[in-house]
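Each chain is listed here by its residues.
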Amino acid sequence: MSDARPVRNVALIGFMGVGKSTVGSMVAGILNFEFMDTDRVLEERSGRRIADIFAKEGEAAFRGMESDLVRELEQADRKVISTGGGLPMTPGNLESLRKHAYVVCLWASVETIYQRVRHQTHRPLLNTPDPTATIRDLLQVRGPVYRQADLLLGVDYRSPNESARLIASAFRQISGQESRHVER
Ligand code: S3P
């Protein structure tokens, strides 16, 4: 399938804990683009941690802040944008990213995600009695949206470095208007 979108940026989507920020900053280094992480931008703007925003203002307010930022990013150029795991679920956000960015989803199994997040406490949605079940349930709902990415990259058996190199080279191809590409 040919994809003639003029992409200037790279956007990383995918579940919590798959390594979007780590891989994204490496992709930015390879392409000599600026790296940004939507969660960090929202924390800086609000002066609060994500968990505090969820606790004090609620998830809906956080999703509104995310969507406002996504609209601003339509002006972005030469950026690698790492997104919060729920960002593409808000209607309109994925479509907005696709206007200017090559959208890459990092995909990992429930077990890999659980192993990566189990000692972390800063993700309010995973502070549940059974995080594995929560991950499985959320992935079930989010999977169909994540799979709309231009590139779906499995990271269970790839190092961040390898993932970053693959993404950078896929971006270089597509920004030279190569065809759609799926790597598992
Ligand atoms: C969320 C993912 C988090 C953060 C918030 C909600 C989600 O970002 O935006 O806790 O809904 O999946 P990471 O994917 O960077 O952990």
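Everything here concerns the structure above.
In this text the structure is predicted, and so the values were computed from the model without any measurement. (Residues numbered from 1 in each chain as written. Predicted model: local features only at pLDDT ≥ 70, side-chain atom pairs only at ≥ 80, totals over all residues. Heavy atoms only, no water.)

Engineer: Lay out the packing of aromatic side chains with the relevant residues and their values.
Structural biologist: Evaluated as defined, the whole model comprises four aromatic pairs. Pairing F54 with F62 gives two aromatic rings, centres 5.0 Å apart and planes at 45 degrees, and the pair type is tilted. F54 sits in the buried class, given a relative accessible area of 15%. Here W107 and Y146 contribute two aromatic rings whose centre-to-centre distance is 6.5 Å and whose plane-to-plane angle is 80 degrees, an arrangement assigned as edge-to-face. Note that W107 is positioned in strand β4 (residues 101–107) and Y146 in helix α7 (residues 131–146), a separation of 39 residues in sequence. With relative accessibility at 25%, the residue W107 sits in the partly exposed group. In this structure an aromatic cluster arises from ring pairing among F33, Y102 and F171. (Phe/Tyr/Trp six-rings, centres within 6.5 Å; stacked < 30°, edge-to-face > 60°. Buried < 20%, exposed > 50% of the residue type's maximum accessible area, 1.4 Å probe, protein only. Helix = DSSP H or I, 4+ residues; strand = E, 2+ residues; numbered from the N terminus.)

Engineer: Quick one: what's the story with the environment of R142, residue by residue and with numbers?
Structural biologist: Mapped onto the elements, R142 comes out in helix α7. In the structure, R142 is positioned 83 residues away from E59 in sequence and 16 Å away in space, judged by C-alpha atoms. In this structure, R142 is in contact with F15, M16, R63, G85, G86, M89 and L125, ignoring residues within four places of it in sequence. Separated by 3.3 Å, the side chain of R142 and the backbone oxygen of G85 make a polar contact. (Contact = heavy atoms within 4.5 Å. Polar contact = N/O pair within 3.5 Å; in protein donor to acceptor, adjacent residues only side chain to side chain.)

Engineer: A description of the sheet that holds strand β3 (residues 79–82) should follow, citing residues and the corresponding values.
Structural biologist: Within the open sheet, the five strands sit side by side as β2-β3-β1-β4-β5. Their pairing is parallel. The sheet is open, and its two edges are formed by β2 (34–37) and β5 (151–154), each paired on a single side. Sheet twist, expressed as the mean angle between neighbouring strand axes with direction ignored, is 20 degrees. For β4 and β5, the ladder comprises four bridges, and the chain directions are parallel. Residue pairing across strands places V104 opposite L151, the latter belonging to β5. Against the sheet, helix α2 (residues 38–46) contacts β2 and β3, and its axis sits at roughly 70 degrees relative to β2. In the packing of helix α8 (residues 160–175) onto the sheet, contacts are made with β1 (9–14), β4 and β5, and the angle to β4 comes to roughly 150 degrees. (Pairing = 2+ DSSP bridges. Axes fitted to C-alpha atoms, helices over the stretch in contact; angles between N-to-C directions.)

So yeah, pure geometry; function would need other evidence.
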